[in-house]
Amino acid sequence: MIMVTGGAGFIGSNLVKALNDCGREDILIADNLSSPQKEQNLADLKFVDYLDKHELFELITTGAANYAPGLDALTAVFHQGACSDTMEIDEEYILQNNFVYSRELLHFCASRNAQYIYASSASVYGSGRVFAEQPENEAALNAYARSKLMFDNYIRGQQNIRIQCAGLRYFNVYGPREQHKGRMASVAWHFYHQYQETGRVKLFSATHGYGCGEQLRDFVFIDDVVNVNLFLLKNPQISGIFNVGTGHCQSFNAVALAVINCCRQNQHRQTIHLDRAVANGEIIYIPVPDTLIDRYQSYTQADLSKLNAAGYHGKFDDVACGVSKYIARLTSE
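Let me sum up the structure you'll find in this document. Because the structure is predicted, anything quoted here is derived from the model rather than measured. (Residues numbered from 1 in each chain as written. Predicted model: local features only at pLDDT ≥ 70, side-chain atom pairs only at ≥ 80, totals over all residues. Heavy atoms only, no water.)

As a further point, take the overall build of the protein chain. Across its full length, the protein chain holds 11 helices and 13 strands. For the protein chain, whose C-alpha radius of gyration is 20 Å, the value lies close to the compact-globule estimate of 20 Å for 333 residues. Expressed along its principal axes, the backbone C-alpha trace of the protein chain runs to roughly 65 × 45 × 40 Å. Within the protein chain, buried positions represent 53% of all 333 residues. Here the protein chain has roughly 14,500 Å² of accessible surface; of this, 50% comes from carbon and sulfur atoms. The averaged location of the 35 negative side-chain charges in the protein chain is 4 Å from the averaged location of its 28 positive side-chain charges. (Helix = DSSP H or I, 4+ residues; strand = E, 2+ residues; numbered from the N terminus. Rg over C-alpha atoms; globule rule 2.2 N^0.38 Å. Buried < 20%, exposed > 50% of the residue type's maximum accessible area, 1.4 Å probe, protein only. Areas by Shrake-Rupley, 256 points an atom, 1.4 Å probe, with all protein chains shown as cover. Lys, Arg positive; Asp, Glu negative; His and termini not counted. Charge placed at Lys NZ, Arg CZ, Asp CG, Glu CD.)

See the structure below:
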């Protein structure tokens with residue numbers, strides 16, 4: 001039995017779908033369905049049972065899990081559930097969701113000899129310029145990032161854990177099944193819906209030494225993120241904390257232009273270059289909000305050395321390819 005926490009969420013539901021495509025249906029999903037939009041992600045998935053995240057926490061912390069169907073046969077957990085709002089300021093709430101829950105689930109897996117693959121975040125690097133999985137490169141800028149780093153550090157201290165324990169520091173993930181995320185959805189999602197509704201997209205103006213829309217991030221397509229997770233499932237001997245990005249940064253302008261040109265092609269219109277998109281008013285620039293400026297990552301680029309050394313050599317889509325796949329799926333819905 002495989003359990004996917006956050007299994008109705010963005011990465012979790014894509015992971016369940018990929019497991020289904022591999023012939024696995026012995027899946028237990030745990031999540032919080034307070035958002036009705038999340039339920040859409042479950043419609044085409046095959047799984048044996050669903051648990052509310054609060055019920056799961058009670059089961060694993062009281063010992064009742066010993067008698068819960070599915071949990072007694074657990075062989076692997078993909079822990080994707082978390083509070084992922086980088087603007088959340090209630091640190092107690094964040095720590096309960098992202099640290100305490102993760103810690104209890106880790107020890108539950110250890111007691112079952114079950115694989116434990118969990119979601120960390122590239123936000124732990126803060127405004128640094130080096131994105132290798134070493135403590136000297138880490139400087140979290142918000143409560144969400146601090147909670148993720150806190151758990152990574154807890155994992156580093158668990159020398160007696162004998163199960164597979166792998167943390168994945170996701171960079172900027174985009175792709176299908178993120179419609180419920182609201183303001184925390186990817187820029188590709190926001191750009192697509194802005195363009196469909198208004199014929200233009202909004203990017204941040206110059207900041208931190210970068211020109212308008214030229215801030216750089218490592219944008220990674222969801223299918224590639226899922227592939228790394230599945231690789232670890234197939235290789236239970238691999239443990240550690242690993243970056244999951246493309247290894248190459250691209251600008252927000254590049255994402256916006258990819259979205260615009262995919263939409264233009266769907267409308268049987270000619271593709272355009274960046275300068276023409278700006279001149280046409282199809283791209284406009286707005287100031288970075290004061291509440292965000294000090295916590296904004298203007299540059300990220302995953303160092304994949306450690307992931308490659310662990311044996312993963314899968315290809316990652318660049319923005320042009322990933323966005324094209326994404327919009328093809330959005331327009332087919």
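So, on to unusual backbone geometry. With phi around 55°, N113 is a residue other than glycine that occupies positive phi space. For N113, the location among the structural elements is in the loop between helix 3 (91–112) and strand 5 (115–121). You can call N113 exposed: its relative accessible area is 62%. Phi is positive for R177, which is not a glycine, with a value near 75°. Checked against the element boundaries, R177 lands in the loop between strand 7 (172–174) and helix 5 (187–198).

Working definition: the strands of a sheet are paired by backbone hydrogen bonds and lie parallel or antiparallel to each other. Strand order in this open sheet of 7 strands is 3-2-1-4-5-6-11, and the pairing throughout is parallel. Each edge of the open sheet carries a strand with a single partner, namely strand 3 (49–52) and strand 11 (240–244). Ignoring which end each strand starts from, the neighbouring axes of this sheet average 20° apart. The sheet contact formed by strand 1 (residues 2–5) and strand 2 (residues 27–31) spans 4 bridges and is parallel. Pairing of I2 across the sheet is with I27, part of strand 2. Contacting strand 1, strand 4 (76–79), strand 5, strand 6 (165–170) and strand 11, helix 6 (residues 222–234) crosses the sheet at an angle of about 170° to strand 6. (Pairing = 2+ DSSP bridges. Axes fitted to C-alpha atoms, helices over the stretch in contact; angles between N-to-C directions. Contact = heavy atoms within 4.5 Å.)

Now for the environment of S34. Here S34 is to be found in the loop between strand 2 and strand 3. The class of S34 is exposed, set by a relative accessible area of 62%. Along the sequence, S34 and D52 sit 18 residues apart, while their C-alpha atoms lie 10.0 Å from each other.

Inspection of every chain in the model, using the stated rule, returns 17 aromatic pairs. Between Y116 and F151, the aromatic rings sit 6.4 Å apart at their centres with planes inclined by 75°, giving edge-to-face as the arrangement. Placement of Y116 in strand 5 and of F151 in helix 4 (residues 143–156) is noted, with a sequence separation of 35 residues between them. Relative accessible area serves as the criterion here: at 0%, Y116 is assigned to the buried category. A residue is classified by how much of its surface remains accessible, and F151, at 2% relative accessible area, is buried. Ring geometry for Y125 and F131: centres 5.3 Å apart, planes at 75°, overall edge-to-face. In this pair, the class of Y125 matches that of F131, namely buried. If you follow R129 out to its NZ or CZ, it ends over the ring of Y299, 4.2 Å from the centre. Seen from the ring of Y296, R217 lies directly overhead, with NZ or CZ sitting 5.0 Å from the centre. (Phe/Tyr/Trp six-rings, centres within 6.5 Å; stacked < 30°, edge-to-face > 60°. Lys NZ or Arg CZ within 6 Å of the ring centre and 35° of its normal.)

As a further point, take the environment of E58. You can see E58 is positioned in helix 2 (residues 53–62). On the accessibility criterion, E58 (52% relative accessible area) is exposed.

Viewed as axis vectors pointing N to C, helix 5 and helix 7 (residues 252–266) meet at an angle of 45°, and their least axial separation amounts to 9 Å. Classed by the angle they form, the pair helix 5 and helix 7 counts as oblique. For the pair helix 5 and helix 7, the crossing hand works out as right-handed. Mapping the contact onto sequence places V187, A188, F191, Y192, Y195 and Q196 in helix 5 and F252, V255, A256, V259, I260, C263 and R264 in helix 7. (Parallel < 35°, antiparallel > 145°, perpendicular 65-115°, else oblique. Left-handed = near helix turned anticlockwise from the far one by under 90°.)

Once that is clear, we can look at the side chain of S121. You can see S121 is positioned in strand 5. In this structure, S121 is in contact with Y144, K148, L168, R169 and Y170, ignoring residues within four places of it in sequence.

On to the pattern of salt bridges. The final tally for this structure, using the stated rule, is 13 salt bridges. D44 is the salt-bridge partner of R177, the closest N and O atoms lying 2.7 Å from each other. Residue R177 is located in the loop between strand 7 and helix 5, and its partner D44 is located in the loop between strand 2 and strand 3; the two are separated by 133 residues in the primary sequence. Across the pair R169 and D152 runs a salt bridge whose closest N-O atoms are separated by 3.0 Å. Taken together, the residues span a long stretch of sequence, with R169 in strand 6 and D152 in helix 4 at a distance of 17 residues. A residue is classified by how much of its surface remains accessible, and R169, at 0% relative accessible area, is buried. The buried category is assigned to D152, whose relative accessible area is 0%. Each member of the salt-bridge network shares a partner with another, and the members are E138, D152, R156 and R169. (Salt bridge = Lys/Arg side-chain N within 4 Å of Asp/Glu carboxyl O.)

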